[in-house]
Amino acid sequence: MALGYLSAMLKSAQAGKYAIAAFNIIDYNSARAVIDGAQEMNAPIIIQLSVKTIRLWGFKPIASWVHAFAADADVPVALHLDHCKDLDVIRGCIDAGWTSVMFDGSALPFDENVARSLEAYEIAQAAGVGLEAELGAIGGTEDDKFVAEDEAILADVDECIAFCAAMPKLATFAPAFGTAHGFYKGEPKIAYDRLERITAKVDIPIALHGGTGLTEQQFERCIQSGCAKVNISTMHKQQFIDGFADLRRKEPTNNEPIPYIAAQYDAMKSGVKQMIGLFGSDGKASVTAAR
Ligand SMILES: [Zn+2]
């Protein structure tokens, strides 16, 4: 089917109390593994890209892979831009065929974040694509940004309400509530009370950043509290690398590339299927609106 749209997909997930997995793909093989994993689980899926991955491959090649895979799939697939501060990259993605984008103004003071996010919102609305925006500071490392865990700032509930009121058609909202990018160093300190106070007042589906390393119970509670999109990046990157490296260790004299690509694909696809199972989106393709 044609590419799906984040807003419609996440509204279905929010209503059905499941979450759609959003994987940060790395290359063609990674995109293929994520979409095939979703297809095998009959689950909707979000393919998302970091800005540095887009700078590596270019807008058009990525869009052409994902459009082609989605066309052959029977499950809704959205193509999303992860954390971005650059409106030119946002425009480039929209022009190349992305169906949603994220503007990350979380490092800015509140008023400036609202003003800059609104600029991105207007660009996205005019193009008919979805926008994700962030408030508060999510801990850990994302691209070149590092937020120490003790500097991570939970989103303020009143600011969340004002932020979302300014952008009522936001496809998804990413308030910081204690999850972190990268591997967790200790026990994640998820502020469920904060999350629940936000979702009691804000009707926009919530995006959970920093999904790698959370337990089944933690995912379950976040999803029941309104998270409809769960980002998985670190785990997928690890499987991308380990898929190759494990085979090399096992077969040090094998110099044929294709078995390595296959091993990497299998490692990534099994991770995708595992996460879809945890998020309750398996079997949900047909009840997920794509537009
Ligand atoms: Zn993130």
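Conventions used here
Residues numbered from 1 in each chain as written. Predicted model: local features only at pLDDT ≥ 70, side-chain atom pairs only at ≥ 80, totals over all residues. Heavy atoms only, no water. Helix = DSSP H or I, 4+ residues; strand = E, 2+ residues; numbered from the N terminus. Rg over C-alpha atoms; globule rule 2.2 N^0.38 Å. Buried < 20%, exposed > 50% of the residue type's maximum accessible area, 1.4 Å probe, protein only. Contact = heavy atoms within 4.5 Å. Areas by Shrake-Rupley, 256 points an atom, 1.4 Å probe, with all protein chains shown as cover. Lys, Arg positive; Asp, Glu negative; His and termini not counted. Charge placed at Lys NZ, Arg CZ, Asp CG, Glu CD. Core = buried A, V, L, I, M, F, W, Y, C linked by side-chain atoms within 4.5 Å. Donors = N, O, S within 2.8 Å, 3.2 Å for Na, K, Ca; no water. Phe/Tyr/Trp six-rings, centres within 6.5 Å; stacked < 30°, edge-to-face > 60°. Lys NZ or Arg CZ within 6 Å of the ring centre and 35° of its normal. UniProt positions renumbered as here; feature names shortened; annotations may be inferred. Polar contact = N/O pair within 3.5 Å; in protein donor to acceptor, adjacent residues only side chain to side chain. Arc of directions from axis to C-beta.

Caption draft 1: Broad picture of the overall build of the chain. Within the chain, the secondary structure is distributed over 11 helices and 10 strands. At 18 Å, the chain has a C-alpha radius of gyration in line with the 19 Å of a compact globule built from 291 residues. Each principal axis of the C-alpha distribution contributes one length, and for the chain these read about 60 × 40 × 35 Å. Counting all 291 residues of the chain, 57% fall into the buried class. Within the chain, counting contacts between residues at least 6 apart in sequence, those at least 24 apart form 74% of the total. Summed over all atoms, the accessible surface of the chain reaches about 12,200 Å², with 54% contributed by carbon and sulfur. Placing the 26 positive and 37 negative side-chain charges of the chain at their respective mean positions leaves the two points 2 Å apart.

Caption draft 2: Highlighting the nonpolar core. With 78 residues, the main nonpolar core has Leu 81, Ile 90, Trp 98, Leu 170 and Phe 173 as its most contacted residues. Within the second largest apolar cluster, 11 residues are counted, among which are Leu 6, Met 9, Ala 13 and Ile 20.

Caption draft 3: Focus on the coordination of the zinc ion. Distances from the zinc ion to its protein donors, His 83 (NE2), His 181 (NE2) and His 209 (ND1), fall within 2.0 to 2.1 Å. Binding-site remark: the zinc ion is held by donors from one chain whose sequence spacing is H-x97-H-x27-H. With His 83 in the loop between β3 (77-81) and α5 (87-96) and His 209 in the loop between β9 (206-208) and α9 (216-224), this residue pair connects regions lying 126 residues apart in the sequence.

Caption draft 4: Expanded view of the packing of aromatic side chains. Enumeration according to the criterion identifies seven aromatic pairs in this entry. Members of the aromatic cluster, each reached through a chain of ring pairs, are Tyr 28, Trp 57, Trp 65 and Phe 69. Here the guanidinium or amino end of Arg 221 rests over the ring plane of Tyr 192, the centre of that ring lying 4.1 Å away. The residue whose ring lies beneath Lys 284 is Tyr 18, and the NZ or CZ to ring-centre distance is 5.3 Å.

Caption draft 5: Representation of the UniProt feature "binding site: Zn(2+) 2" (unreviewed entry) in the chain. The positions UniProt marks with the feature "binding site: Zn(2+) 2" (unreviewed entry) are Asp 104 and Glu 134. Across 31 residues, the annotated set stays spatially compact, with a maximum C-alpha separation of 5.5 Å. Checked against the element boundaries, Asp 104 lands in the loop between β4 (100-103) and α6 (110-127). On the basis of relative accessible area, Asp 104 is assigned to the buried category, the value being 4%. A distance of 2.8 Å separates a polar atom in the side chain of Asp 104 from a polar atom in the side chain of His 83. Turning to its location among the elements, Glu 134 is positioned in strand β5 (residues 130-135).

Caption draft 6: Region of interest: the side chain of Asn 113. Tracing the backbone through its elements, the reader meets Asn 113 in helix α6. Owing to a relative accessible area of 1%, Asn 113 belongs among the buried residues under this scheme. One polar contact links the side chain of Asn 113 to the main-chain carbonyl oxygen of Gly 105, over a distance of 3.3 Å. Leave out the neighbours within four places in its chain, and Asn 113 touches Gly 105, Ser 106, Leu 108, Glu 134, Leu 135 and Phe 163.

Caption draft 7: How the structure looks around the UniProt feature "active site" (unreviewed entry) in the chain. The positions that UniProt labels "active site" (unreviewed entry) are, in the present scheme, Asp 82. Counting through the fold element by element, Asp 82 comes out in the loop between β3 and α5. Aside from chain neighbours lying at most four places away, what touches Asp 82 is Asn 24, Gln 48, Leu 49, Ser 50, Val 51, Met 102, Glu 142, His 209 and Asn 231. Only 2.9 Å separates the side chain of Asp 82 from the side chain of Asn 24, close enough to count as a polar contact.

Caption draft 8: Expanded view of α9. Among all positions of α9, only Gln 218, Phe 219, Cys 222 and Ile 223 are buried. Around the axis of α9, the buried residues are gathered within 125 degrees of arc, so they sit on the same side. Residues of α9 that are exposed and angled more than 90 degrees away from the buried face: Glu 216 and Gln 217. Tucked inside the fold, the buried residues of α9 contact α8 (192-201), β9, β10 (227-232) and α11 (257-279). Note on α9: the residue one or two positions beyond its end, Gly 226, has a positive phi of about 120 degrees.

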